[in-house]
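The residues making up each chain are set out below.
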Amino acid sequence: MTQKTSNQMWGGRFAAGPDAIMEAINASIGFDKRMAAQDIAGSRAHAAMLAAQGIISDKDAEAIREGLLTILSEIEAGDFTFSTALEDIHMNVEARLKEVIGEPAGRLHTGRSRNDQVATDFRLWTRDQVDAAIEGLKALMQALLAQAEAGADWVMPGFTHLQTAQPVTWGHHMMAYVEMFSRDLSRFTDARARMNESPLGAAALAGTSFPIDRHMTAEALGFDRPAANSLDAVSDRDFALEFLSCASICAMHLSRMAEELVIWSSAQFRFVVLSDRFSTGSSIMPQKKNPDAAELIRAKIGRIFGANVALTMVMKGLPLAYSKDMQEDKEQVFDAADNLMLALAAMTGMVGDMTANRPALEAAAGAGFSTATDLADWLVRALGMPFRDAHHVTGSLVAKAEAKGCDLPDLSLAEMQEVHGAITDEVFTVLGVHNSVASRMSYGGTAPARVREQIARWKDTLS
């Protein structure tokens, strides 16, 4: 493409074309070509509205519609040549449209600007990514529900500070992640509702004198309404920031679960076995099975959070309305969206394929004096002891068991009565890990009955 063509696109204001450096810094086609489908959808809606309002003829509108469909087919087939001299996806499509249909192509841009055009394209693209994230989260939650249902009554250790705390069930632990990812689902859903306003027709910044119908184009593009202020419509990138914010929190959750899978699949824990599909070997150590997919998911938060910070920094000092700085909005969002979707898909695959080691989970559940709290609670219920006193007595019993090299259920009644004479053999009914989890019947507790209630609730919600 020649400099002359580029200058014609800018109009007569510039006598000389940009040099190679200016062209390189100014062009965005290298990344915004990803919005081709959204750009063409917006142009089709705009052309139909112009014809309906009598601003262009039906004949020109039909030529534009057919030409845009031809260009979309070329792009989808990989037969379209993108030009950096034409700067962006909008000018590339418009220039090709002129080659395809001739003079009517020049009427397409009536009543709009590249400012509202790019704001519309980017909002449409981001909305599509939100929809994809919502579906990805639902798939992950379904995989977690399947794991929870299979092991609703399997006991395992619950941790605080990564130290054994109290027994919980495998199902309960899986359901904790269902709740976590459900909040991500809620955030993306809320963000979608807020971003679903159309900037199209705001033009450069002040609206247009042409009698356009912004409600018609908004409806055609699936928006709830047109944006109410033209200045805000072209300068707003909150929808992109909100997407990145939701993606950052979601990636953080994925990273937390990935960390547990790394720990759980280690030889020291052996809580889970990850499938070969999501593991790799070592080039030198033949015994190794590395949880690389989980480790890479754990790293994605850095890229996604970095994109969030980067776009916030781009936007923080911009006066109304449009500034060229905003061209730097897309690469960050594109990269974050790609990595979020990859991480969601990988985690869904790992969760669906992984096998929980029930014997190892149960053995670990009873270690580390995990039923000490159950003992303290029994002392309160059965002996009417103040909890602080019960805490002290239980601590003494733990010390006795530790000195003997055994767990609490292995102490004899006589040994327990040496610490507190009123203890009866009824205490042994609360010391087993299965008894412990079964007793946690409070709403949201780890008792298998409560876990199955939550599984049923979420299966119904997601269906």
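All values reported here derive from a predicted model rather than from experimental measurement. (Residues numbered from 1 in each chain as written. Predicted model: local features only at pLDDT ≥ 70, side-chain atom pairs only at ≥ 80, totals over all residues. Heavy atoms only, no water.)

(A) Highlighting a nonpolar patch on the surface. A surface patch of nonpolar side chains, amounting to about 270 Å² of accessible area, comprises L205, L231 and L320. As for its position among the elements, L231 is in helix α10 (residues 230-235). For L231, a relative accessible area of 32% translates into the label partly exposed. (Patch = residues over 30% accessible without salt bridge, like charges linked within 9 Å, V, L, I, M, F, W, Y side chains within 5 Å. Areas by Shrake-Rupley, 256 points an atom, 1.4 Å probe, with all protein chains shown as cover. Salt bridge = Lys/Arg side-chain N within 4 Å of Asp/Glu carboxyl O. Helix = DSSP H or I, 4+ residues; strand = E, 2+ residues; numbered from the N terminus. Buried < 20%, exposed > 50% of the residue type's maximum accessible area, 1.4 Å probe, protein only.)

(B) Structural context of the side chain of S43. Within the secondary structure layout, S43 lies in helix α4 (residues 36-52). Polar contacts involving the side chain of S43 include one to the side chain of R112, which spans 3.1 Å. Setting aside chain neighbours within four positions, we find S43 in contact with L68, L108, R112 and Q117. (Polar contact = N/O pair within 3.5 Å; in protein donor to acceptor, adjacent residues only side chain to side chain. Contact = heavy atoms within 4.5 Å.)

(C) Main features of the packing of aromatic side chains. Throughout the structure, instances matching the rule amount to 10 aromatic pairs. Between the aromatic rings of F159 and F269, the centroid separation amounts to 6.3 Å while the plane-to-plane angle is 55°, which identifies the pairing as tilted. Of this pair, F159 sits in strand β1 (residues 155-160) while F269 sits in the loop between α11 (238-264) and β5 (272-273); the two residues are 110 residues apart in sequence, bridging distant segments of the chain. A relative accessible area of 25% places F159 in the partly exposed class. Aromatic side chains F188 and F243 sit 6.0 Å apart centroid to centroid with 50° between the ring planes, which places their arrangement in the tilted category. (Phe/Tyr/Trp six-rings, centres within 6.5 Å; stacked < 30°, edge-to-face > 60°.)

(D) Examining the packing of helix α5 (residues 58-77) against helix α6 (residues 89-101) more closely. Two elements in contact, α5 and α6, have axes whose closest approach is 9 Å; the angle formed by their N-to-C orientations is 115°. The handedness of the crossing between α5 and α6 is right-handed. Touching A63, I64, G67, L68, I71 and E74 of α5 are V93, R96, L97, V100 and I101, all from α6. (Axes fitted to C-alpha atoms, helices over the stretch in contact; angles between N-to-C directions. Left-handed = near helix turned anticlockwise from the far one by under 90°.)

(E) Region of the structure containing unusual backbone geometry. Of note, the amide linkage connecting L320 to A321 takes the cis form, showing an omega dihedral of 10°. Residues other than glycine seldom take positive phi values, yet H161 does so here, at roughly 60°. In this fold, H161 is placed in the loop between β1 and β2 (163-169). One non-glycine residue, R270, lies in the positive phi region at around 60°. Along the polypeptide, R270 turns up in the loop between α11 and β5.

(F) Broad picture of the pattern of salt bridges. Tallied over the full model, the rule gives 28 salt bridges. Residues D338 and R34 are paired through a salt bridge, measuring 2.8 Å at the closest nitrogen-oxygen approach. You can see D338 sitting in helix α13 (residues 330-353) and its partner R34 sitting in the loop between α3 (29-32) and α4, a full 304 residues away along the chain. R194 is paired through a salt bridge with E242; the nearest N and O atoms lie 2.5 Å apart. Remark: E242 occurs in helix α11 and R194 occurs in helix α8 (residues 170-195); sequence separation between them is 48 residues. The class of R194 is exposed, set by a relative accessible area of 51%.

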